[in-house]
Amino acid sequence: MRRRTILGGAAGAAALTVLSARPASAAPSAATGTPNTALNTLFNTYGNSGVGWTGADSTYSTPLPGGRRLWMYSDTFLGPVNPDLSRPLDTPFLRNSMIVQDGQRLTTVHGGTRDEPTTLLAPASGDNWYWIGAGIAVGGVLHQTVVEFGRTGTGPWDFAWMGTHVARMSTGRLNRVIDLRPLPSGAEITWAAWLQPIGNHLYVYGVEDRGASKYMHVARVAGRDLRGPWQFWTGSGWSTAEADSARVIEGVSNEYSVTPWRGKWLLVTQDTTELFSAKIVGYVADSPTGPFTGKTLLYTTPETGALGTYGNANVYTYNPHVHPELSTDRRLLVSYNVNSFNGDDLYRDVTIYRGRFVDVTLA
């Protein structure tokens, strides 16, 4: 139920200080983070009800037609939920799912039927699975990146990345796949961390995951369709060869975001330069391809570690990113995920394994 790379952190309260910043014109001079009560309450109330989704990770989002919003998730638990907020041991577990938000109403989208739910998006091979990456709805069609993993042995950590794909679904029938196409996967870069429209291109942000070290890579396609020809940032220009893709910055998480910010570009990520870090940090660049500098602490997740809000040394946090459609230049809506190294914890307490929403105010 966890990523190949664990991105948790040691315990810490929300100590919001500047780690290493350039002048205020180039990077946030300070940040203040507070939980977004409205969204946290909305999802906790829905998850505790046990009528559908009760917890998951990834927590990507994209606007849908008609003022709705789509939330995209990887490993997902469904209901029911016991009165003491524990999970039955036979609760349905899916590799991915989605939630459609219409005002204050949330509806879970999965495969199969209500009585026999299945994972929403699955590879042809029954032994493999998809975890969700970034997605974008364009003209009534959702372009959803999915990352394929497969087993390499019998142990809980014996699995590996197999490739990245894009699935297209109508925003009106999200449980029906129009088509599924492979994305570039020859250079051991997972092109699913973030999608950002910029002018006439859709920029695709990837991760080269080397375990202890994780590097950002940048690609782009003309228009908004990931099935078109790709170009890869070489450090000085663009190439049609994925092998030419350059490492932009070290220390990103497997999920992060790069969004416009006050005429510049803001990278928000877990600080993976520290082992099991609880720190969400930001960097700023003049270009969407970097270089990203001015490392600034945006938020310290309070759930992590023995001194965290759960009082549990196994609880960790990971994979934050901005939700730009719900953010401004001054206030960012950031989500991050909470999990436990001990899977039994997720059955004892349904509230652990859910995304958290934080408003980060930038000075």
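Up top you'll find the structure we're talking about.
Throughout this document, residue positions are counted from 1 along each chain, in the order its sequence is written. Per-residue local features of the predicted model are confined to residues with pLDDT of at least 70, and side-chain atom pairs are confined, for both listing and counting, to 80 or more; whole-chain, interface and lining totals are unaffected and use all residues. Hydrogen atoms and water are omitted, and side-chain values are computed over all heavy atoms in the structure.

Draft legend 1. Inspection of the overall build of the protein at higher detail. Secondary structure elements follow DSSP: runs of H or I no shorter than four residues count as helices, runs of E no shorter than two count as strands, and numbering proceeds from the N terminus. What the protein contains, in helices and strands, is two helices and 26 strands. Each radius of gyration reported is based on C-alpha atoms, and the globular scaling rule is 2.2 Å times the count of residues to the power 0.38. Scaling as 2.2 N^0.38, a compact globule of 363 residues should have a C-alpha radius of gyration of about 21 Å, and the protein matches this with 19 Å. In terms of overall dimensions, the protein has a C-alpha envelope of 55 × 45 × 45 Å along the principal axes. Expressed as a percentage of its 363 residues, the buried residues of the protein come to 59%. Pairs of residues are marked as contacts when any of their non-hydrogen atoms sit within 4.5 Å. Within the protein, contacts between residues at least 6 apart in sequence are counted, and of these 56% link residues at least 24 apart. A total of about 14,200 Å² of accessible surface is found on the protein, and carbon and sulfur atoms cover 51% of it. We count Lys and Arg on the positive side and Asp and Glu on the negative side, and we leave His and both chain ends out. For this purpose, a charge sits on NZ of Lys, CZ of Arg, CG of Asp or CD of Glu. With 30 positive and 29 negative side-chain charges, the protein shows a separation of 6 Å between the mean positions of the two kinds. Buried residues are those whose accessible area, probed at 1.4 Å on protein chains only, stays under 20% of the maximum for their type, while exposed residues exceed 50% and partly exposed ones sit between those limits. Accessible surface is estimated by sampling points in the Shrake-Rupley manner with a 1.4 Å probe; for residues, cover comes only from the protein chains shown.

Draft legend 2. Representation of the packing of aromatic side chains. Only Phe, Tyr and Trp rings are paired, with Trp represented by its six-membered ring, and only when their centres lie within 6.5 Å; those with planes under 30 degrees apart are stacked, over 60 edge-to-face, the remainder tilted. Per the counting criterion, the structure on display carries 25 aromatic pairs. Their ring planes at 75° and their centres at 5.3 Å tell us that W71 and F357 sit as a pair that is edge-to-face. One end of the pair, W71, is in strand β4 (residues 69-73); the other, F357, is in strand β26 (residues 355-362), with 286 residues separating them in the sequence. Of the residues examined, F357 reaches a relative accessible area of 2% and is grouped as buried. Ring geometry for F276 versus F341: centroids 5.7 Å apart, planes at 65°, classification edge-to-face. Of this pair, F276 sits in the loop between β21 (264-270) and β22 (279-285) while F341 sits in the loop between β25 (331-340) and α2 (344-348), and the two are 65 residues apart along the sequence. With relative accessibility at 33%, the residue F341 sits in the partly exposed group. Feature note: the residues F43, W53, W71, Y73 and F357 constitute an aromatic cluster, connected by ring pairs. Charges are assigned to positions over rings by a cutoff of 6 Å between ring centre and Lys NZ or Arg CZ, combined with an angular limit of 35 degrees from the ring normal. We note R95 situated over the ring of W129; from NZ or CZ to the ring centre the distance is 4.2 Å.

Draft legend 3. Structural context of the sheet that holds strand β13 (residues 159-170). One requirement defines pairing of two strands: DSSP has to find at least two bridges between them. Reading across the sheet, the four strands line up as β11-β12-β13-β14 and stay open at both edges, with antiparallel pairing between neighbours. The sheet is open, and its two edges are formed by β11 (129-138) and β14 (173-182), each paired on a single side. Taking the axes of each pair of neighbouring strands and ignoring which way they run, one obtains an average angle of 30° across the sheet. Alignment of strand β12 (residues 141-151) against β13, held across 11 bridges, turns out to be antiparallel. Across the sheet, V147 pairs through a bridge with T164, a residue of β13. Throughout, an axis means a line fitted to C-alpha atoms (over the contacting stretch in the case of helices), and angles, computed between N-to-C directions, take values from 0 to 180 degrees.

Draft legend 4. Molecular detail of the sheet that holds strand β7 (residues 97-102). Spatial ordering of the open sheet is given by β3-β4-β7-β8, a layout of four strands whose pairing is antiparallel. Every other strand in the sheet has two partners, leaving β3 (60-63) and β8 (105-109) as the edge strands with one partner each. The average undirected angle you get between the axes of adjacent strands in this sheet is 20°. Relative to β8, β7 runs antiparallel, the two being bridged by five bridges. Residue pairing across strands places D102 opposite R105, the latter belonging to β8. The sheet contacts of helix α1 (residues 37-49) involve β4, β7 and β8, and relative to β8 the element is tilted by about 55°.

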